[in-house]
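So the chains spell out like this:
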Amino acid sequence: MSRKPTHTPPGQSGLPLIGEIREWLADPLVFAQERAARYGPIWRTHLLGRPCVVLLEPEGNRFMLSSGAQHFSWREGWGRSMLRLMGGGLSLSDGEAHAARRATLKPAFSHATLRDHLPSMVQLVRDHCASWAASGEIIVLERLQTLAFEVAALVVCGPLPPYLAQALHHDFAMFTAGLFTPLALPIPGTTYHRAQAAGKRLRIHLRTLLAYRRANPLPGSNDALSLLLVAADQPDADSIISELLLLLWAGHDTVASLLTWTCYELAQHPASLEVVRVEVAQTIGAADPTPETLRHLPALDRVLRECERLHPPAPGGFRGVVEPFEYHGYHVPRGWLAMYSTVYTHAMPELWQDPARFDPDRFAPPREEGKTAYSLVGFGGGPRICIGLALAQMEMRVIVCELVRRYRWEILPEQDLTRVWLPTNQPKSGLRVTFTAQT
Ligand code: HEM
């Protein structure tokens, strides 16, 4: 007998008001695995003040990211702090407004534009890495955040005077810290309040930049700001500034998070590091990387994919349910949250041999794991796949090439490498290493 479609999925609600947010934050993978063992690939929890349906496995990812996308709002999947601090932007919009904005921004992330940016990116990476070596001991996450911010600023805002890039980055750290706070109340002394103040300063800086660029356009430039200034729908200044904030945030924290874990894994697996080192030496040697040479680094590509699998910067994605739907015989009402779980999919033994193990060769023939659609979803998937994917891939390759060609790093003892999930997945200590030039 088929189940009545009025049945909502099985599950539990946790504590009043906070639901199961503490359990989810403590370990989103164990959280999903325990409940999957109990209820199967669809179940209910309570997060961000609402019932939340969780759809697991590649099939659930596909439904949320592509085939069932019409049931979901991206904007309504974010918490109040994010909505208030960020205001708007691509990931916080839906429907036609989203499609129009995505079309406007697309040229900023095209291969042709990235090719133009590559020499500046290479120079930035070279300068930053040299300064890390001069310090001797560094916190990898912090250094990568600074570097990735400058790369994102170049692509999003065009060339900036160094003082402005630094001022923006300084306030961004405080701004980012408030994006996921549970209470969005401006109480002095709280992380949210500090984030609000940093957000105000960031908006002032960006408003000045915007006025300057309106008066002094960069002809032929495809940076996101230039594209927004001539967009057909003529967004107002507040809307452009929100978009810049969103792009700058999404464009640097994620890269820094994934590359911090990449440095960790390469330090732990010297054989993999050596394979990448040899490949880079043979393919690029001492020359500057080009888009063509960067595309021919299969061993590095496998390492980056394995790090994306084991250490995705976001544990999954949330949406608001705006059209009720049925899934596996259950009814999911309007007004609920929905979540897909990247970490769960990336750890499924049905898809990945010995999933907890760092093993880049799983992507190579004859195994070629990860071919199942929606099984590797660190960058999302479907029509709203990460717009910065090609940028991130180029940037991560440039950085790892520079690191393995010229430097060595060793993880320092006695540090807390516990994983923290928000705002992006990172080791608590930020990964402290000794960092030296190769002799
Ligand atoms: C390692 C680097 C990165 C990772 C892992 C990453 C991950 C993601 C994921 C998972 C999504 C989809 C979220 C969802 O639909 O549930 C996404 C969307 C997005 N990403 Fe990235 N991202 C990275 C780099 C970047 C960069 C460099 C930029 C831009 C400068 C960027 C900008 C965006 C934007 C604007 C969206 C929203 C797209 C839309 O809704 O149409 N990301 N990213």
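The text that follows walks through the structure, step by step, so that each part is easy to find. (Residues numbered from 1 in each chain as written. Predicted model: local features only at pLDDT ≥ 70, side-chain atom pairs only at ≥ 80, totals over all residues. Heavy atoms only, no water.)

### Here's the deal with the site of the ligand
With respect to spatial proximity, 25 residues lie near the ligand, and among them His98, Arg102, Arg319, Tyr340 and Cys386 are the closest. Within the side chain of Trp74, an N or O atom sits 3.2 Å from an oxygen atom of the ligand. Contacts to the ligand include Tyr340, whose side-chain N or O atom sits 2.7 Å from an oxygen atom. Elements represented by at least two residues in the shell around the ligand include exactly α5 (95-105), α11 (237-268) and α16 (389-406). In terms of residues, the shell around the ligand owes the most to one element, α11, which gives seven residues. Here the residues of the shell around the ligand sort into 15 nonpolar, seven polar and three charged. (Near = heavy atom within 4 Å. Polar contact = N/O pair within 3.5 Å; in protein donor to acceptor, adjacent residues only side chain to side chain. Helix = DSSP H or I, 4+ residues; strand = E, 2+ residues; numbered from the N terminus. Nonpolar A, V, L, I, M, F, W, Y, C, P; charged D, E, K, R; others polar.)

### Quick notes on the coordination of the iron atom of the ligand
Here the protein supplies the iron atom of the ligand with just one donor, Cys386 (SG), and that contact is 2.3 Å long. Looking at where Cys386 falls in the secondary structure, it is placed in the loop between α15 (342-345) and α16. (Donors = N, O, S within 2.8 Å, 3.2 Å for Na, K, Ca; no water.)

### Observations concerning the packing of aromatic side chains
Under the defined criterion, the tally for this structure stands at 15 aromatic pairs. A centroid spacing of 5.3 Å and a plane angle of 70° characterise the contact between Trp24 and Phe318, whose relative ring orientation is edge-to-face. Of this pair, Trp24 sits in helix α1 (residues 21-26) while Phe318 sits in strand β5 (residues 316-321); the two residues are 294 residues apart in sequence, bridging distant segments of the chain. One exposure class covers both Trp24 and Phe318, and it is buried. Relative to Phe72, the ring of Phe63 has its centre 6.0 Å away and its plane inclined at 90°; by these criteria the two rings are edge-to-face. Looking at Phe63, the relative accessible area reads 14%, which means it is buried. What makes Phe72 buried here is its relative accessible area of 5%. Ring-pair connections join several aromatic residues into one group, and the members of that group are Phe63, Phe72, Phe325 and Tyr327. (Phe/Tyr/Trp six-rings, centres within 6.5 Å; stacked < 30°, edge-to-face > 60°. Buried < 20%, exposed > 50% of the residue type's maximum accessible area, 1.4 Å probe, protein only.)

### As for the side chain of Asp359
Of note, Asp359 is situated in the loop between α15 and α16. Among the residues examined, Asp359 registers a relative accessible area of 8% and is labelled buried. Non-local contacts of Asp359, meaning those with residues more than four positions away in its chain, are made with Glu306 and Arg367. (Contact = heavy atoms within 4.5 Å.)

### Remarks on helix α9 (residues 191-215)
Compared with an ideal rise of 1.5 Å per residue, which puts 25 residues at 36 Å, α9 spans 36 Å between its outermost C-alpha atoms and is within 8% of the ideal. Those residues of α9 lying buried are Tyr192, Ala195, Ala198, Gly199, Leu202, Leu206, Leu209, Leu210 and Arg213. Summarising the contacts, the buried residues of α9 are in contact with α4 (80-86), α7 (140-157), α8 (162-177), α10 (224-229) and α11. (Expected span 1.5 Å × (residues − 1).)

### Description of unusual backbone geometry
With omega at 0°, the peptide bond leading from Pro365 into Pro366 counts as cis. With respect to the helices and strands, the residue Pro366 is situated in the loop between α15 and α16. Note the cis peptide between Leu422 and Pro423, where omega equals 0°. Relative to the helices and strands, Pro423 resides in the loop between β10 (419-420) and β11 (426-427). The residue Glu368 is not glycine, and still its phi comes out positive at about 45°. Its location among the elements puts Glu368 in the loop between α15 and α16. Residue classification places Glu368 among the partly exposed residues on the basis of a relative accessible area of 34%. One non-glycine residue, Tyr374, adopts positive backbone phi at about 65°. Residue placement: Tyr374 occurs in the loop between α15 and α16.

### Some remarks on the nonpolar core
Within the largest apolar cluster, 95 residues are counted, with the highest numbers of intra-cluster contacts made by Met86, Phe175 and Trp409. At 17 residues, α11 tops the list of elements feeding residues into this core. Residue contacts for Met86: discarding those within four places in its chain leaves Leu92, Phe175, Leu179, Arg203, Ser242, Leu245, Leu246 and Trp249. Formed by 19 residues, the second largest nonpolar core is a distinct cluster that contains Val53, Val321, Phe325 and Tyr327. (Core = buried A, V, L, I, M, F, W, Y, C linked by side-chain atoms within 4.5 Å.)

### Quick look at α16
Taking 1.5 Å per residue, 18 residues should reach 26 Å; α16 reaches 26 Å between its end C-alpha atoms and fits that length. Among the 18 residues that make up α16, 15 are buried, leaving the element largely enclosed by the rest of the structure.

### Thoughts on the sheet that holds β5
If you trace the five strands from one edge of the open sheet to the other, you get β1-β2-β8-β5-β3, paired in mixed fashion. Each end of this open sheet is capped by a strand with a single partner; those strands are β1 (42-47) and β3 (72-73). Of the strands in this sheet, β1 and β8 (337-341) are in contact with helix α2 (residues 28-39), which crosses β1 at around 135°. Each of β2 (50-55), β3, β5 and β8 is contacted by helix α3 (residues 57-67), which is oriented at about 130° to β8, the strand it contacts most. (Pairing = 2+ DSSP bridges. Axes fitted to C-alpha atoms, helices over the stretch in contact; angles between N-to-C directions.)

### Structural notes on the pattern of salt bridges
On inspection of all chains with the given rule, the structure shows 21 salt bridges. Where Glu306 meets Arg309, a salt bridge forms, and the shortest distance between an N and an O atom there is 2.8 Å. Taken together, the residues span about one helical turn, with Glu306 and Arg309 both in helix α14 (residues 298-310) at a distance of three residues. Summarising the burial analysis for this pair, Glu306 and Arg309 share the class buried. Salt bridges sharing common partners tie together Glu306, Arg309, Arg357, Asp359, Arg362, Arg367 and Glu369. (Salt bridge = Lys/Arg side-chain N within 4 Å of Asp/Glu carboxyl O.)

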